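Architecture at a glance
Chain by chain, the residues:
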Amino acid sequence: MRWLPVVKTENGESSIQERSSEGSRIGEGLLTEGSCDELAASPGSEMIGGAPLDRRVYFEVFGCQMNKLDAELMLGVLNEDGYELTDDPRDAGVILYNTCAIREQAENRVFSKLGNLKGLKDARPDLVIGMLGCGAQNHQHDIFRRYPHVGIVCGPGEFLRLPQLIDQAREEGQVAALDLDKPVRFARTKNLGPRPHHAFVSVMRGCDMACTYCVVPTTRGGEVSRPVSEIIEEADALVASGVKEITLLGQTVNSYGKRLAPGRRIGLQHVLCGLNQLDGLERIHFITSHPRFMNRELVEAMGDLDRVCEYLPLPVQSGSDDVLRRMLRSYTMKHYRKVIDDCRQLVPGIALATDFIVGFCGETEAEFAETVKLLEEVRFNGAYIFKYSERPGTPAAEFADDVPEEVKRERNQVLLEIQRRISQELNSESIGQETEVLVEGVSKKDKTRWSGRNRKHQIVVFPIQGDENLVGQLVNVKVRDVTSVVLVGERPGEES
Ligand code: SAH
Ligand code: SF4
Ligand code: F3S
């Protein structure tokens, strides 16, 4: 099966360090990953073989990496049932949206798309429209009422039943699958992702935290870790199929192992240690760590294990202890600064990234000033900055969302400007140095250049020579020039 011809991801309102390759556009939050040509070359791919209309699926994905991975697992089960993808909704018997609920804007985008499908459904009553993922879980009670042309509402706990749900929707008109308590068990051996050399591997599902602004514990349920052996086996199969880089996924990935083996302390470092021994696996990342669970064993493992990259996203959300308390983040600035110091001491050259929410309920000028101070002081390599978006049903929805929209916008701009300058300054330190790049593909902005990432997750572009194909290869590049988001260079010996 081909990967989605078009994968659209809601990445947040503003980003300095782009989360996925160059294709993600600052400020727009929409990412189109991979062209049909690129993706046809993926090892898990087969060309469309002319499946009948009822087996043709149009699929769009919104949200974070977990949603992308879930989409990939869904494609796996659909593929086994004979479904194939199409990039034209008018050419599909099934239209699926894997949706996100993290901010209002993310949800509204999907709702307007759902609304637009009514005409198509009226014209073709056999069409099955499915709203899946976190948005579906979050709005389970009103989707069928607001959008009667929708046939499937399925949350992140039941998506592996998708082929049955499609059959059921065809027979009964509408079906909902919203149980979050049953374990989601899967073991994939094929990488159906857009990049043949990179795979996401889930180490846990759900989240046990209770950050007052956040909808994820409601949409994905409580934290459940996968056994170490299951993760290593999956990674081993993926590496055997050509994967060279693995990103481990979890909402609080560094709390991995909780309740896994009573009486024994299993942690993410055990998974990293196992993966580090897989022949052929070059790079390991893990996202997203929570400051509260950052412990010395894990930081030491990062420093000691050669395949684990020197890159750590560690969302802080605010530089003010009072705001953190209202957010129920369960750490203080003192703790956060200590974690940063330990990371810098034990993992030389580590690149740090973070997330901020500006304009959270009651955020004063003085509290915001503490965030500015933290940003200037830590000098993160990258930061995502989000304006607070009230999520109905969360504890913070009971507080007053009292920071005016223009103040949120202003604070967002202030942080973005500072981060842009710092990213540029930190990137400039690479000028004249060589850096090892894992090539991801042709740069979308400049077809004469390869684009990839180095171990610090910085995007690096360099010229394509002749008809070479470097996709998936490790290449040394000498950095000549930088912007706040990209390093530009050439292979040593090829300087112009
Ligand atoms: N589990 C991760 C993050 C998941 S959501 C963690 O705890 O770090 C990704 C980011 O979205 C968060 O870090 C936060 O900055 C942002 N976010 C979450 N809920 C939000 C809301 N209601 N409004 C604005 N931003 C939000
Ligand atoms: Fe949401 Fe907090 Fe869990 Fe992250 S740790 S997913 S922000 S509740
Ligand atoms: Fe969105 Fe769900 Fe991810 S709410 S950010 S898709 S966990």
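Look up: the structure comes first, before these words.
The paragraphs below set out a description of the structure included in this document. As the structure is a prediction and not an experimental result, all values here were calculated from the model.

Observations regarding the site of ligand 2
Taken together, Cys 207, Met 209, Cys 211, Tyr 213, Cys 214, Val 216, Pro 217, Gln 251, Thr 252, His 290 and Arg 329 make up all the residues around ligand 2. For the shell around ligand 2, the class distribution of residues is seven nonpolar, three polar and one charged.

A few points about the site of ligand 1
Surveying the vicinity of ligand 1 reveals 15 residues, the closest of which are Tyr 213, Gln 251, Gln 317, Asp 355 and Ser 389. Contacts to ligand 1 include Tyr 213, whose backbone N or O atom sits 3.1 Å from a nitrogen atom. Backbone polar atom of Ser 389 to a nitrogen atom of ligand 1: 2.8 Å apart, as the coordinates give it. Protein contacts shield 92% of the accessible area of ligand 1, which totals 540 Å² for the unbound molecule.

Looking at the nonpolar core
Residues Leu 248, Leu 268, Leu 272, Leu 275, Phe 286, Leu 312 and Phe 356 are the most contacted members of the largest nonpolar core, which totals 59 residues. Among all residues touching Leu 272, those that are not within four sequence positions of it are Leu 248, Ile 284, Phe 286, Leu 298, Leu 305 and Val 308. Among the nonpolar cores identified, the runner-up in size contains 31 residues, and Ala 71, Tyr 83, Val 184 and Ile 287 belong to it.

Here's the deal with the environment of Arg 292
Summarising the element assignment, Arg 292 is placed in the loop between strand 14 (283-287) and helix 11 (296-304). Counting along the chain gives 47 residues from Arg 292 to Val 339, while the straight-line C-alpha distance between them is 9.0 Å. When near neighbours in sequence (up to four residues on either side) are disregarded, Arg 292 contacts Met 209, Ser 330, Tyr 331 and His 335. Polar contacts involving the side chain of Arg 292 include one to the side chain of Ser 330, which spans 3.3 Å.

What to know about helix 9 (residues 228-240)
Between its first and last C-alpha atoms helix 9 spans 18 Å; for 13 residues at 1.5 Å apiece the expected length is 18 Å, and the two agree. For helix 9, the set of buried residues is Glu 230, Ile 231, Ile 232, Glu 234, Ala 235, Leu 238 and Val 239. Check the buried side of helix 9 and you find it contacts strand 10 (198-202), strand 13 (245-249) and helix 10 (268-275).

Quick look at the sheet that holds strand 20 (residues 459-463)
Hydrogen bonds between backbone groups are what pair the strands of a sheet, and the pairing can be parallel or antiparallel. Taken in spatial order, the five strands line up as 18-19-20-22-21 and close into a barrel, and their pairing is mixed. Sheet twist, expressed as the average angle between the axes of neighbouring strands with direction ignored, equals 55 degrees. Of the pairings in the sheet, the one linking strand 19 (residues 449-453) to strand 20 comprises five bridges and is antiparallel in character. Counted as the bridge partner of Arg 453 is Ile 459 from strand 20.

A word on the packing of helix 13 (residues 333-346) against helix 14 (residues 365-378)
For the pair helix 13 and helix 14, the least separation of the axes is 12 Å and the interaxial angle reads 10 degrees. As the angle between them shows, helix 13 and helix 14 are arranged roughly parallel. Counted together, Met 333, Arg 337, Ile 340 and Arg 344 of helix 13 and Lys 373, Leu 374, Glu 377 and Val 378 of helix 14 form the full contact between these two elements.

Thoughts on the pairing of strand 22 (residues 486-490)
The buried count for strand 22 comes to five of five residues, which makes it a mostly enclosed element. Of the two faces of strand 22, both are covered, the one formed by Val 486, Val 488 and Glu 490 as well as the one formed by Leu 487 and Gly 489. Bridge count for strand 20 against strand 22 is three bridges, and the pairing is parallel. Note on strand 22: the bridge partner recorded for Val 460 is Leu 487. Pairing analysis gives four bridges linking strand 21 (residues 474-482) to strand 22, with the strands arranged antiparallel. Directly across from Val 482, in strand 22, lies its bridge partner Leu 487. From the end of strand 21 to the start of strand 22, which pair antiparallel, there are three residues.

Here's the deal with the environment of Val 437
In this fold, Val 437 is placed in strand 18 (residues 434-442). Relative accessible area serves as the criterion here: at 0%, Val 437 is assigned to the buried category. Apart from the residues within four sequence positions on either side, Val 437 is in contact with Arg 283, Gly 452, Arg 453, Asn 454, Val 460, Phe 462, Gln 473, Leu 474, Val 475 and Val 477.

As for the sheet that holds strand 13
Ordered in space as 10-13-14, the three strands form an open sheet in which the pairing is parallel. The two strands at the open ends of the sheet, each matched to only one other strand, are strand 10 and strand 14. Each strand axis lies, on average, 20 degrees off the axis of its neighbour in the sheet, ignoring direction. Examined bridge by bridge, strand 13 and strand 14 share five bridges and lie parallel to one another. By the bridge assignment for strand 14, Glu 245 is matched with Arg 283. Against the sheet, helix 2 (residues 65-80) engages strand 10, strand 13 and strand 14, with an angle of about 100 degrees to strand 10.

What to know about the pattern of salt bridges
Counted by the stated rule, this structure contains 42 salt bridges. Across the pair Glu 367 and Arg 326 runs a salt bridge whose closest N-O atoms are separated by 2.9 Å. Of this pair, Glu 367 sits in helix 14 while Arg 326 sits in helix 12 (residues 321-327), placing them 41 residues apart in sequence. Assessed through its relative accessible area of 26%, Arg 326 is described here as partly exposed. Put simply, Glu 72, Arg 185, Arg 188, Arg 226, Glu 230 and Glu 234 are held in one network by salt bridges that share partners.

Calculation notes
Residues numbered from 1 in each chain as written. Chains lettered and ligands numbered in written order. Predicted model: local features only at pLDDT ≥ 70, side-chain atom pairs only at ≥ 80, totals over all residues. Heavy atoms only, no water. Near = heavy atom within 4 Å. Nonpolar A, V, L, I, M, F, W, Y, C, P; charged D, E, K, R; others polar. Polar contact = N/O pair within 3.5 Å; in protein donor to acceptor, adjacent residues only side chain to side chain. Areas by Shrake-Rupley, 256 points an atom, 1.4 Å probe, with all protein chains shown as cover. Core = buried A, V, L, I, M, F, W, Y, C linked by side-chain atoms within 4.5 Å. Buried < 20%, exposed > 50% of the residue type's maximum accessible area, 1.4 Å probe, protein only. Contact = heavy atoms within 4.5 Å. Helix = DSSP H or I, 4+ residues; strand = E, 2+ residues; numbered from the N terminus. Expected span 1.5 Å × (residues − 1). Pairing = 2+ DSSP bridges. Axes fitted to C-alpha atoms, helices over the stretch in contact; angles between N-to-C directions. Parallel < 35°, antiparallel > 145°, perpendicular 65-115°, else oblique. Salt bridge = Lys/Arg side-chain N within 4 Å of Asp/Glu carboxyl O.

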